[in-house]
Amino acid sequence: MKYHCLPILGLALMLACKSDPEQQFHKHINEVTQRITNEALINATGTSGDWLTHGLNYYEDRFSGLSQINQYNIDSLGLVWTLELGTRRGIEATPLVVDGIMYLTGPWSKVYAVDTRTGEMIWSYNPEVPGRFGPNACCDVVNRGPALYQGSVFVGTIDGRLISLNAATGDPNWQVYTTDTTKYYTITGAPRVVKGKVIIGNGGAEYGVRGYISAYDAESGEMDWRFYTVPGDPSMPAESPAMEEALRTWNGDWWKYGGGGTAWDAMAYDPDLDLLYVGTGNGSPWNRQYRSPGGGDNLYLSSILAINPDNGSLVWHYQTTPGDTWDYTATQHIILADLTLEGKQRKVLMQAPKNGFFYVLDRETGTLISAKPYVYVNWATHVDLESGRPVENEFSRYENYNAVVSPNYDGGHNWQPMAYSVVTGLVYIPAMRNSHWYGTNPVWEYGKNGYSSSTGWNTGIGFDSSKPVMNDSLAPTQSSGMLMAWDPVLSEVKWLVNHEYRWNAGVLATAGGLVFQGNAEGIFSAYQDDTGDLLWEAPVGTGVSAPPVTYLVNGKQYISIAVGWGGAGGQTNKITEQIYPGIIYTFAIGGQASPPEYPEMPAKELIQGEITANAREIDAGQRLYGANCNRCHGRIGGGGGALPDLAYSSTRIHENFRYIVQGSFEALGMPDFTDKLNEVEINLIQQYIFSEAAALVAVNN
Ligand code: CA
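Treat the numbers as computed from the prediction; the structure is a model and nothing was measured.

### Observations concerning the domain arrangement of the chain
Here is step 1 of the chain: By the assigned domains, the chain splits into domain 1 (63–589) and domain 2 (615–700).
Here is step 2 of the chain: One C-alpha centre belongs to domain 1, the other to domain 2; they are set 30 Å apart.

### Digging into the coordination of the calcium ion
Working reference: metal with six octahedral donors, ideal angles 90 or 180 degrees; metal with four tetrahedral donors, ideal angle 109.5 degrees.
Here is step 1 of the chain: Every protein donor of the calcium ion is accounted for by E206 (OE), E206 (OE), N282 (OD1), D327 (OD) and D327 (OD), and the metal-donor separations fall at 2.3 to 3.1 Å.
Here is step 2 of the chain: Expressed as a motif, the donor residue spacing for the calcium ion is E-x75-N-x44-D. A residue pair is termed long-range when its members are at least 10 positions apart, and E206 in the loop between β12 (197–200) and β13 (212–217) and N282 in the loop between β17 (275–279) and β18 (283–284) qualify at 76 residues. Pair check on accessibility: E206 and N282 agree, each one buried.

### A short note on the packing of helix α10 (residues 657–664) against helix α11 (residues 679–700)
Here is step 1 of the chain: At a closest axis distance of 10 Å, the pairing of α10 and α11 adopts a crossing angle of 125°. The angle between α10 and α11 places the two elements in the oblique class. Remark: the crossing between α10 and α11 carries right-handed chirality. In contact with F657, R658, V661 and Q662 of α10, α11 contributes E679, I682, I685, Q686 and I689.

### Comments concerning the sheet that holds β17
Here is step 1 of the chain: The four strands are arranged β16-β17-β19-β20 in an open sheet whose pairing can be described as antiparallel. Because the sheet does not close on itself, it has two edges, and the strands there are β16 (267–270) and β20 (314–319). Neighbour to neighbour, the strand axes of the sheet diverge by 15° on average, direction disregarded.
Here is step 2 of the chain: Across four bridges, the pairing between β17 and strand β19 (residues 303–307) is antiparallel. Counterpart to V278 in the pairing with β19 is L305.

### A word on the state of the cysteines
Here is step 1 of the chain: In the structure shown here, the tally under the stated rule is one disulfide.
Here is step 2 of the chain: Between C138 and C139 runs a disulfide, and the two sulfur atoms are separated by 2.3 Å. Negative torsions about the S-S bond denote left-handed disulfides, and the value of about -100° found for C138 with C139 makes this one left-handed.

### A look at the sheet that holds strand β11 (residues 192–194)
Here is step 1 of the chain: Strand order in the open sheet formed by four strands is β11-β12-β13-β14, with antiparallel pairing between adjacent strands. Of all strands in the sheet, those with a lone pairing partner are β11 and β14 (223–228), marking the two edges. Recorded for the sheet is a direction-independent mean angle of 25° between the axes of neighbouring strands.
Here is step 2 of the chain: When β13 meets β14, the two strands line up antiparallel, connected through five bridges. Along β14, the bridge assignment pairs Y212 with Y228.

### Quick notes on the environment of D265
Here is step 1 of the chain: The residue D265 is located in the loop between β15 (259–260) and β16 in this model.
Here is step 2 of the chain: Using a relative accessible area of 7% as the deciding quantity, one classes D265 as buried.
Here is step 3 of the chain: D265 sits 73 residues away from D338 along the chain, and the two C-alpha atoms are 23 Å apart.

### Considering the packing of aromatic side chains
Here is step 1 of the chain: All told, the structure shown has 28 aromatic pairs when counted by the stated rule.
Here is step 2 of the chain: With 5.6 Å between their ring centres and 40° between their planes, F524 and F587 make a pair best called tilted. Of the two residues, F524 sits in strand β36 (residues 523–528) while F587 sits in strand β40 (residues 583–589), which places them 63 residues apart along the sequence. Take F524 and F587: they sit in the same class, and that class is buried.
Here is step 3 of the chain: An angle of 15° between the planes, with centres 6.3 Å apart, marks the rings of Y585 and F587 as stacked.
Here is step 4 of the chain: Judged by its relative accessible area of 4%, Y585 falls in the buried class.
Here is step 5 of the chain: When its relative accessible area of 3% is taken as the criterion, F587 is described as buried.
Here is step 6 of the chain: Within the aromatic cluster, the residues linked to one another by ring pairs are Y318, W326, Y328, F357, Y359 and W379.
Here is step 7 of the chain: Here the guanidinium or amino end of R144 rests over the ring plane of W415, the centre of that ring lying 5.4 Å away.
Here is step 8 of the chain: One residue, R210, lies across the ring of Y228, its end atom 3.8 Å from the ring centre.

### With respect to α11
Here is step 1 of the chain: Between its terminal C-alpha atoms α11 stretches 31 Å, which fits the 32 Å expected from 22 residues at 1.5 Å a residue.
Here is step 2 of the chain: Residues of α11 that are buried include every one of I682, L684, I685, Q686, Q687, Y688, I689, F690, S691, A693 and V697, and no others.
Here is step 3 of the chain: For α11, the elements touching its buried residues are α7 (615–628), α9 (651–655) and α10.

### Things to note about the side chain of N308
Here is step 1 of the chain: Relative to the assigned elements, N308 resides in the loop between β19 and β20.
Here is step 2 of the chain: A distance of 2.8 Å separates a polar side-chain atom of N308 from the backbone nitrogen of D310.
Here is step 3 of the chain: When near neighbours in sequence (up to four residues on either side) are disregarded, N308 contacts W225, S313 and V315.

### Details of the side chain of T229
Here is step 1 of the chain: Assignment of secondary structure puts T229 in the loop between β14 and α4 (241–247).
Here is step 2 of the chain: When its relative accessible area of 1% is taken as the criterion, T229 is described as buried.
Here is step 3 of the chain: Within polar-contact distance, the side chain of T229 engages the backbone oxygen of G261 at 2.7 Å.

### Brief notes about the nonpolar core
Here is step 1 of the chain: Ranked by size, the top nonpolar core spans 95 residues in total, and within it Y103, I213, L276, F516, W536 and F587 carry the most contacts.
Here is step 2 of the chain: Ignoring any residue separated from it by four or fewer positions in sequence, one finds L276 in contact with V194, I199, W225, M267, A268, Y269, L305, A306, I307 and P309.
Here is step 3 of the chain: One finds A268, W286, L349 and F395 within the second-largest nonpolar core, a separate group that totals 31 residues.

How each quantity is defined
- Residues numbered from 1 in each chain as written.
- Predicted model: local features only at pLDDT ≥ 70, side-chain atom pairs only at ≥ 80, totals over all residues.
- Heavy atoms only, no water.
- Domains from an automatic or database assignment.
- Donors = N, O, S within 2.8 Å, 3.2 Å for Na, K, Ca; no water.
- Helix = DSSP H or I, 4+ residues; strand = E, 2+ residues; numbered from the N terminus.
- Buried < 20%, exposed > 50% of the residue type's maximum accessible area, 1.4 Å probe, protein only.
- Axes fitted to C-alpha atoms, helices over the stretch in contact; angles between N-to-C directions.
- Parallel < 35°, antiparallel > 145°, perpendicular 65-115°, else oblique.
- Left-handed = near helix turned anticlockwise from the far one by under 90°.
- Contact = heavy atoms within 4.5 Å.
- Pairing = 2+ DSSP bridges.
- Disulfide = S-S within 2.5 Å.
- Phe/Tyr/Trp six-rings, centres within 6.5 Å; stacked < 30°, edge-to-face > 60°.
- Lys NZ or Arg CZ within 6 Å of the ring centre and 35° of its normal.
- Expected span 1.5 Å × (residues − 1).
- Polar contact = N/O pair within 3.5 Å; in protein donor to acceptor, adjacent residues only side chain to side chain.
- Core = buried A, V, L, I, M, F, W, Y, C linked by side-chain atoms within 4.5 Å.

Here you go:
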C-alpha cells in the first residue's frame, strides 16, 4: 500500500501517512544508506557495527574490531535465522550491512535487501540477464557482491551492465552497458565506490577479450574514465601513455584475441595516497607462444596497478608474472596494511596471487619488499628482489617440454578473500595445493567462445607427444585446500588447517580472536586466530565459497554467511550429497533456531541408452566431451556439481539431447553449440555418455 502524503490533505491523512509502516521503513532505509558518504567509507572500521564496503573498509582487510563473539563464548554461538534465496547456482557474495539492513547478490546478478532484525526479504531485484550470457562466464553465473553509496546500491551483471538501484525500494535509478555484448565479457566482481565514482572491471580473458576498468559517476551513471589493461590494435593510437609503454612488450596479433588482463575482482584504495589498486588477470589466450610469439612481458597482464582515481591514469605497476602463460592471474584479493619491517613503519600492499608467491609491496612506489612461496611452487625458483622479477625454471614455460607445473590454473589461492588481523599480524589465506600438466597444443586455433587456453589439457586434442616430459615428484598430485595463517613480516606459515577438498570459502578475522571460514563440505567453522585450533563449527548444508561478515544490530553482534555451491570449483564437483538452494545463515550468541530441513532428493538413475558407436568413435566422443562439456558438467558419472551429471540425466533429456545442445535450453544458461558441433559430433558425445553410464551400471551390478 502506498500513500501520497500531500500537506493539503490535512492532519488525519498526515497521520495515516505517518503510520504507513512500509513508507516509514523505506524512509528509514533511505536515511541510513544516504549516510554512506566518501567520509563514511574512508572511516569504515570494524567497530562501527556496519559493513559498508566489499572488504569491510578501503584497506580490504576483512578484520572486524567487534569482539562480543569471542574465543571464550564461541560455544554458545547459535543460529538465529536463515533465509532461502530461491537459487540453485554458486553464491560468492560478501553481504553489506548498514543499520541491520543487508544487501547481497546471488546467481544471475540478482540483488537482495534483507532485514537482519527479522531475517525477512525487504525487496529483491532481478536484472533479467538473458540465459545466453551464462556460458560467457568461465566459472558460473556468480556475483561477489554489491556496493553502497548515498542511498543507492550498485551491481555489475553477467551481461556487462552496471546498475544503480534505490536502496530503499530496489527500483532502478540507472543502468549502463559497460562492455561490448557481442564479445565474451562478464561482470562477476563487486563494484567499489571511490570519491563518488563507481569503479567496475570485467572478466572474459578465457574467451578472448581485452581487459579494462571503468569509473562511472554514482549519481548520473556517466562514464568518467576507462583504463585499458592491455594494448589494442597497434595500428590505432594508444589510449594512454601506459598503453604506449605496454605496446613495446607484446608481439604478433594478440589484439585479435583480446589479450586478456581482465580486472575481475581485486581492488583496494588508500585515501591518504589517493591511489586505487587493481589486480589484473591472465593473458588471452593463456599460452604466450600463441598470444605473443617471440615473447615479451605483455604488460599489464597479471599485475598490480596503482591508478589515480580522478582520471584513471597509471601511477605505478608491479607485474607478478611477466609473460604469463599459466593463467596466473593477479586478480586475487589485495590487502593494504601498515607493517613494521626492519624497525620501520611501512605502508604496504599484500597479495597472494595464483602464482604461489606472497607479495609485500611498498604501496606508495610499487617497490617489491618481499615475495616468498606460500605453497609449493616449481614454475620459478624464487623472485629476485633486486629486479623484482621471478627466476623461472626453464621447463615450466612448456615451450620445449610437456611439464607438470605447480601451482596450476586454480592457483595457490583464488578469488576467495583473505583476512588480515592487526592484532595477530597474520594474513589468513584460503590456500590450495595443486599442479597440472601444461603443454603446447600444436594445432590450436582461436575459436569462437572456445576455451582459449591453447594448452593441451582441455582442448580435447592433446599435447605434442614428440616433446620430452618433465614430471615433478614433489608437486602435489591431488588437489586439496587449507586455511593458512601467514606471517607477512617473517614470510612464513604460522599455522595451517587442512581441507580435503580444494575449493573452500573466503575468510573473516575478528578482534574476538577468531577466524571464520566455511568449507566445501558444508561446514562453517571458527578457529583460534593465533593457533588455528578449531573452536566451533556448524553444518550449513551445502558447500560454501562466500566469505562471512559480522555486524551489530541494536548493539548485538551477528555473523552472516551466504551459502550456495557452484563457481569454478563447484560447478563440476559435487561435494555434499545434497545440493540445497542458496541460503543465508545468521548466527549470534544464544541463537537457538533450527536449520532448515529439506526432503531427500530422489535417487538418480543411470541412463541406459543404445550404444551404436565403436570404441574408436566413443574415444572421439570423449575428446569432444572434454573440449565442450566437461568444464560445466564435470566428469561423467562423477556426480556432477551444481550442473547435471549427464550420465544421470533422464531418458526425456537424452531423447532431446541434440536439440538441447543446439540451443533449446539456452534460456536456462545452456549454450547453443550449433556453430561448434555438428550432428555427428553431438551423437558421438551422447554415445560416450551412454558408454560411461553402461560401464557404471556394470560396476554397480
Ligand atoms: Ca583465468
